[in-house]
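Descriptive analysis of the structure
Okay, here's what each chain looks like letter by letter:
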Amino acid sequence: MTFSFQTDLGGALLPNPILTASGCAGSGKELSQFFPLTELGAIVTKSIMIKARSGRATPRMAETPSGMLNSIGLQGPGVDYFIANDLPWLDAQGARTVVSIAGETVEDYAVLARKMRNLPGVVGLEVNISCPNVENRGMVFSCQPETARAAIEAVRRNIGGDLPIIAKLSPDVTDIVSIAREVANAGADGVALINTLLGMVIDTNLMLPKLAQKTGGLSGPAIRPVAVRAVYQVHAALPDLPILGMGGIMTGRDAFEFILAGASAVSVGTASFGNPTAAISIKSELENILQEKGFATLQEAIGYAHRN
Ligand code: SIN
């Protein structure tokens with residue numbers, strides 16, 4: 001019998017469950033030097049905003065134990081440039097693209113959603129309502145149920161058609177399940193868990209924060225147990241809500257952990273900076289582990305750690 005690696009991410013049917021993480025592969029041009037983008041379940045773009053942005057002041061990256069701190073500040077060319085240049089290129093590669101969008105206001109999310117209608121090669125929207133690198137915490141939409149709901153409702157009302165909406169949530173909340181429930185009720189087809197955790201590194205020689213903007217988002221293996229916990233909790237409470245899991249996935253074994261916790265697919269992020277082909281190794285390692293464990297399909301393994 002042939003093994004089935006397919007997954008359904010809130011209506012996006014993908015040949016395998018390995019995606020890039022937003023912000024870690026730009027719009028795919030650099031990664032495509034190393035492997036065809038069609039090898040991925042999908043590529044998730046860097047979050048696109050309405051206008052071009054140069055991001056936050058430098059330095060905006062710092063190493064941490066088993067991880068990395070970034071305060072990029074949503075640098076990007078703006079949505080019109082993205083649609084005119086990056087998206088046609090991705091489509092020409094045959095890539096399945098999940099576009100990540102980010103707004104400063106609820107109205108921004110509405111405008112971005114309208115621009116995402118009927119675009120070639122786009123299989124889903126990741127709605128980033130959890131970037132930690134914003135001017136004030138009130139702009140982290142996913143930290144309060146009301147603002148999380150408002151942003152996702154705006155996307156749902158304006159997207160038209162049935163493009164899957166995946167809401168990306170922050171782990172920096174008391175109860176991530178209540179936020180997941182809120183965005184699901186607002187029309188999200190799935191959730192992406194987790195964005196980075198807000199952190200800080202102080203340079204003990206200079207005796208000052210290393211990042212120009214002082215705080216940044218922590219990613220990498222250091223956050224994996226937090227991410228696995230979030231996936232497990234949300235899957236336990238909302239078993240029918242598809243989850244895109246991420247946070248420090250370096251190996252197929254790590255990806256398997258997320259699948260067992262309840263993720264229908266995973267995103268590979270920080271690992272790609274050290275090894276651009278990490279996603280491809282993780283894909284084959286995960287496929288081997290699933291078969292070694294006796295699963296005939298990926299579907300059978302999703303949430304397997306929840307059995308009694
Ligand atoms: C950034 O560009 O600052 C990171 C985006 C994010 O973590 O959502």
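What you are looking at is a predicted structure, and each value in this text was computed from that prediction instead of being measured.

**Section: the packing of helix α2 (residues 106-115) against helix α3 (residues 145-159)**
Direction vectors running N to C along α2 and α3 enclose 30 degrees, while the axes themselves pass 8 Å from each other. Comparing their axes, α3 and α2 come out roughly parallel. Like other packed secondary-structure pairs, α2 and α3 cross with a definite hand, here right-handed. Across from Val106, Tyr109, Ala110, Ala113 and Arg114 in α2, the residues of α3 making contact are Ala150, Ala151, Ala154, Val155, Asn158 and Ile159. Per-class residue counts for the contact of α2 with α3 are nine nonpolar, one polar and one charged.

**Overview of the site of the ligand**
With respect to spatial proximity, the complete set of residues near the ligand consists of Lys46, Asn70, Ile72, Gly73, Leu74, Asn128, Cys131, Pro132, Asn133, Asn195 and Thr196. Separating an oxygen atom of the ligand from a side-chain N or O atom of Lys46 is a distance of 2.6 Å. Contact with the protein chains removes 93% of the 260 Å² of surface that the ligand exposes when unbound. Grouping the constituent residues of the shell around the ligand by class yields four nonpolar, six polar and one charged.

**Digging into the pairing of strand β16 (residues 265-268)**
On a regular strand, each side chain points to the face opposite its neighbour's, so the side chains alternate between the two faces of the sheet. Alternating positions in β16 separate into two faces, Ala265 and Ser267 on one and Val266 and Val268 on the other, with burial throughout. Relative to β16, strand β3 (residues 18-20) runs parallel, the two sharing three bridges. Counted as the bridge partner of Ile18 is Val266 from β16. Pairing analysis gives three bridges linking strand β15 (residues 243-246) to β16, with the strands arranged parallel. Across the sheet, Met246 pairs through a bridge with Ser267, a residue of β16.

**Some thoughts on the environment of Ser47**
When you line up the elements, Ser47 lands in the loop between β4 (43-44) and β5 (61-64). Along the backbone, Ser47 and Gly245 are 198 residues apart, and their C-alpha atoms lie at a distance of 17 Å. Once residues within four sequence positions are removed from consideration, Ser47 is found in contact with Ser22, Leu74, Ser100, Ala102 and Asn128. At 3.0 Å, the side chain of Ser47 and the side chain of Asn128 are in polar contact.

**A short note on the side chain of Ser170**
Locating Ser170 in the fold gives a position in the loop between β9 (165-168) and α4 (176-185). Owing to a relative accessible area of 2%, Ser170 belongs among the buried residues under this scheme. A distance of 2.9 Å separates a polar atom in the side chain of Ser170 from the backbone nitrogen of Asp172.

**Considerations on the packing of α3 against α4**
Orientation of α3 relative to α4, taken along the N-to-C sense of each, is 30 degrees, at an axis distance of 8 Å. Between α3 and α4, the angle is such that the two are roughly parallel. The crossing of α3 and α4 is right-handed. Every residue of α4 that contacts α3 at Pro145, Ala148, Arg149 and Ile152 is listed here: Ile179, Glu182, Val183 and Asn185.

**What to know about the sheet that holds strand β14 (residues 215-219)**
With antiparallel pairing, four strands are arranged side by side in an open sheet as β5-β6-β14-β11. On the outer flanks of this sheet lie β5 and β11 (197-200), each paired with one strand and no other. Shown here is a sheet whose adjacent strand axes are inclined to one another by a mean of 40 degrees, direction ignored. Across four bridges, β5 lies against strand β6 (residues 67-70) in antiparallel orientation. Bridged to Glu63 within β6 is Met68.

Procedures and definitions
- Residues numbered from 1 in each chain as written.
- Predicted model: local features only at pLDDT ≥ 70, side-chain atom pairs only at ≥ 80, totals over all residues.
- Heavy atoms only, no water.
- Axes fitted to C-alpha atoms, helices over the stretch in contact; angles between N-to-C directions.
- Helix = DSSP H or I, 4+ residues; strand = E, 2+ residues; numbered from the N terminus.
- Parallel < 35°, antiparallel > 145°, perpendicular 65-115°, else oblique.
- Left-handed = near helix turned anticlockwise from the far one by under 90°.
- Contact = heavy atoms within 4.5 Å.
- Nonpolar A, V, L, I, M, F, W, Y, C, P; charged D, E, K, R; others polar.
- Near = heavy atom within 4 Å.
- Polar contact = N/O pair within 3.5 Å; in protein donor to acceptor, adjacent residues only side chain to side chain.
- Areas by Shrake-Rupley, 256 points an atom, 1.4 Å probe, with all protein chains shown as cover.
- Buried < 20%, exposed > 50% of the residue type's maximum accessible area, 1.4 Å probe, protein only.
- Pairing = 2+ DSSP bridges.

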